[in-house]
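Single-letter residue listing:
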Amino acid sequence: MKNEVAVITGASSGIGREIAKNLSKRGYNLVLVARREDRLEELAKEVDTHCQIITADLANLSEAHGLHETVQDQNVTVLVNCAGFGLLGDFATTELDREIDMINLNISALHILTKLFLQDFIEKDKGHILNVASIAGLLPAGPYMATYYATKAYVVSLTQAINQELKNRDSQVRASALCPGPVDTEFNEVAGASFALASITAEECARYGVRNLFNNKVLIIPGANLKVAAVIAKIAPRSLLVKIAGHQQKRKH
Ligand SMILES: NC(=O)c1ccc[n+]([C@@H]2O[C@H](COP(=O)([O-])OP(=O)(O)OC[C@H]3O[C@@H](n4cnc5c(N)ncnc54)[C@H](OP(=O)(O)O)[C@@H]3O)[C@@H](O)[C@H]2O)c1
């Protein structure tokens, strides 16, 4: 067993929950973060390493600062920013408050935690940050899920830039962005969507993500089909990609 701690946000469900289980198997003690305490307690009983449960609404940014403060004295060497949600609908009519919550959670809380833990990791020249983005973050835009795609583009861009800065300063610390396509979780229920494409399990996604995190891969894209989609996204005209993305999102209604 390691004397190291992994902090995982969004650990009460889906990808975050499976990432937590995977890291526990690798010997990490866990700090499990989400709003639903009962779910976190259930997970804590399932794993063999020590778990600390922190219930926090990270869309409230003072709680993101509070999370860092609470665990600052522990030997945290892994941060997984997985808490996030999407919202399907026409931008003209989707609920503004919900979108601001999404921006606070998917962007601002992730940004705050990434910076605060990165500073600690740089000081000890050790640590990995896994920011859970999405394949949506590699596409130019996503009509009918406009805010969600924009938040994930932010995550990819921020993470890739930070990782380059870390390399430039010869740091051992690394930042990676996990960019899954459809994963079978509670995401759709929350977003009011259904998948237009085949999904993978959260366990598969987590296993691939964690393995490649420790292989220092910057953009982690689970699945052969998705890798092809990512290559196409690099070469196809932006306008065409936006049309295709919009068509796919409409099918999710
Ligand atoms: N599923 C997919 O197809 C897919 C594809 C690409 C990327 N992703 C990304 O993967 C990440 C995990 O999503 P998932 O698919 O595993 O969905 P999920 O099953 O709905 O899990 C979302 C997690 O985020 C937490 N969360 C939501 N709002 C929160 C808040 N305000 N404060 C703290 N925690 C909050 C939830 O916990 P509580 O509700 O208990 O707070 C839950 O643990 C997200 O960032 C999502 O964008 C998902």
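Up top you'll find the structure we're talking about.
Before going into details, it helps to say that this report is about the structure given with it. (Residues numbered from 1 in each chain as written. Predicted model: local features only at pLDDT ≥ 70, side-chain atom pairs only at ≥ 80, totals over all residues. Heavy atoms only, no water.)

## So, the pairing of strand β1 (residues 5-9)
Side-chain positions along a regular strand alternate between the two faces of the sheet.
Link 1 in the chain: Counting buried residues along β1, five of its five residues qualify, which places the element largely inside the surrounding structure.
Link 2 in the chain: Burial along β1 is two-sided: the face carrying Val5, Val7 and Thr9 and the face carrying Ala6 and Ile8 are both buried.
Link 3 in the chain: Pairing of β1 with strand β2 (residues 29-34), which is carried by five bridges, proceeds in the parallel orientation. Opposite Ala6, over in β2, you have Leu30 as the bridge partner.
Link 4 in the chain: Crossover β1 to β2 through helix α1 (residues 14-25) is right-handed.
Link 5 in the chain: Bridge count between β1 and strand β4 (residues 76-81): five bridges; the pairing is parallel. Paired with Val7 across the bridge in β4 is Leu79. (Buried < 20%, exposed > 50% of the residue type's maximum accessible area, 1.4 Å probe, protein only. Helix = DSSP H or I, 4+ residues; strand = E, 2+ residues; numbered from the N terminus. Pairing = 2+ DSSP bridges. Right-handed = clockwise from strand over helix to strand, strands pointing away.)

## Here we look at the pattern of salt bridges
Link 1 in the chain: Using the criterion set out here, one finds seven salt bridges in the structure.
Link 2 in the chain: With its nearest N and O atoms 2.5 Å apart, the salt bridge here joins Glu46 to Arg17. Of this pair, Glu46 sits in helix α2 (residues 37-46) while Arg17 sits in helix α1, and the two are 29 residues apart along the sequence.
Link 3 in the chain: A residue is classified by how much of its surface remains accessible, and Arg17, at 16% relative accessible area, is buried. (Salt bridge = Lys/Arg side-chain N within 4 Å of Asp/Glu carboxyl O.)

## Observations regarding the site of the ligand
Link 1 in the chain: Near the ligand there are 30 residues, and of these Ser12, Ser13, Arg35, Tyr148 and Thr185 occur at the shortest range.
Link 2 in the chain: Between the ligand and Tyr148, the relevant distance is 2.6 Å, taken from an oxygen atom to a side-chain nitrogen or oxygen of the residue.
Link 3 in the chain: Surface burial for the ligand is 96%, taken as the share of its 880 Å² of free accessible area covered by protein chains.
Link 4 in the chain: Where the shell around the ligand is concerned, the elements lending two or more residues are α1 and α5 (146-168).
Link 5 in the chain: Classifying every residue of the shell around the ligand by side-chain character gives 17 nonpolar, eight polar and five charged. (Near = heavy atom within 4 Å. Polar contact = N/O pair within 3.5 Å; in protein donor to acceptor, adjacent residues only side chain to side chain. Areas by Shrake-Rupley, 256 points an atom, 1.4 Å probe, with all protein chains shown as cover. Nonpolar A, V, L, I, M, F, W, Y, C, P; charged D, E, K, R; others polar.)

## Quick word on the packing of aromatic side chains
Link 1 in the chain: For the structure on display, the rule yields three aromatic pairs.
Link 2 in the chain: Taken together, a centroid distance of 6.0 Å and an interplanar angle of 0 degrees make the contact between Tyr28 and Phe214 stacked. Remark: Phe214 occurs in helix α7 (residues 202-214) and Tyr28 occurs in the loop between α1 and β2; sequence separation between them is 186 residues.
Link 3 in the chain: Ring centres of Phe117 and Phe121 lie 6.3 Å apart, and the angle between their planes is 50 degrees; this geometry places the pair in the tilted category. With a gap of four residues between them, Phe117 and Phe121 both fall in helix α4 (residues 96-124), about one helical turn apart. Across this residue pair, the class does not change: Phe117 and Phe121 are buried. (Phe/Tyr/Trp six-rings, centres within 6.5 Å; stacked < 30°, edge-to-face > 60°.)

## A word on the environment of Gly142
Link 1 in the chain: With respect to the secondary-structure elements, Gly142 resides in the loop between β5 (128-132) and α5.
Link 2 in the chain: On the accessibility criterion, Gly142 (3% relative accessible area) is buried.
Link 3 in the chain: For Gly142, the residues in contact, after removing those within four places along its chain, are Tyr149 and Ala245. (Contact = heavy atoms within 4.5 Å.)

## Remarks on the sheet that holds β4
Link 1 in the chain: Taken together, seven strands build an open sheet; the order of strands is β3-β2-β1-β4-β5-β6-β9 and the sheet is parallel. Strand pairing shows two members of the sheet lacking a second neighbour, β3 (51-55) and β9 (219-220), which therefore form its edges.
Link 2 in the chain: Relative to the sheet, α4 contacts β1, β4 and β5, its axis offset from that of β4 by approximately 160 degrees. (Axes fitted to C-alpha atoms, helices over the stretch in contact; angles between N-to-C directions.)

## With respect to a nonpolar patch on the surface
Link 1 in the chain: Side chains of Leu96, Ile100 and Ile103 sit close together on the surface and give an oily, nonpolar patch of about 250 Å² of accessible area.
Link 2 in the chain: Note that Ile103 resides in helix α4.
Link 3 in the chain: On the basis of relative accessibility, which here comes to 30%, the residue Ile103 falls in the partly exposed class. (Patch = residues over 30% accessible without salt bridge, like charges linked within 9 Å, V, L, I, M, F, W, Y side chains within 5 Å.)

## Remarks on unusual backbone geometry
Link 1 in the chain: We note that Asp125 has phi near 50 degrees; this positive angle belongs to a residue other than glycine.
Link 2 in the chain: Turning to its location among the elements, Asp125 is positioned in the loop between α4 and β5.
Link 3 in the chain: We classify Asp125 as partly exposed; its relative accessible area is 35%.
Link 4 in the chain: The phi torsion at Asn216 lies on the positive side, around 60 degrees, for a residue other than glycine.
Link 5 in the chain: When you line up the elements, Asn216 lands in the loop between α7 and β9.

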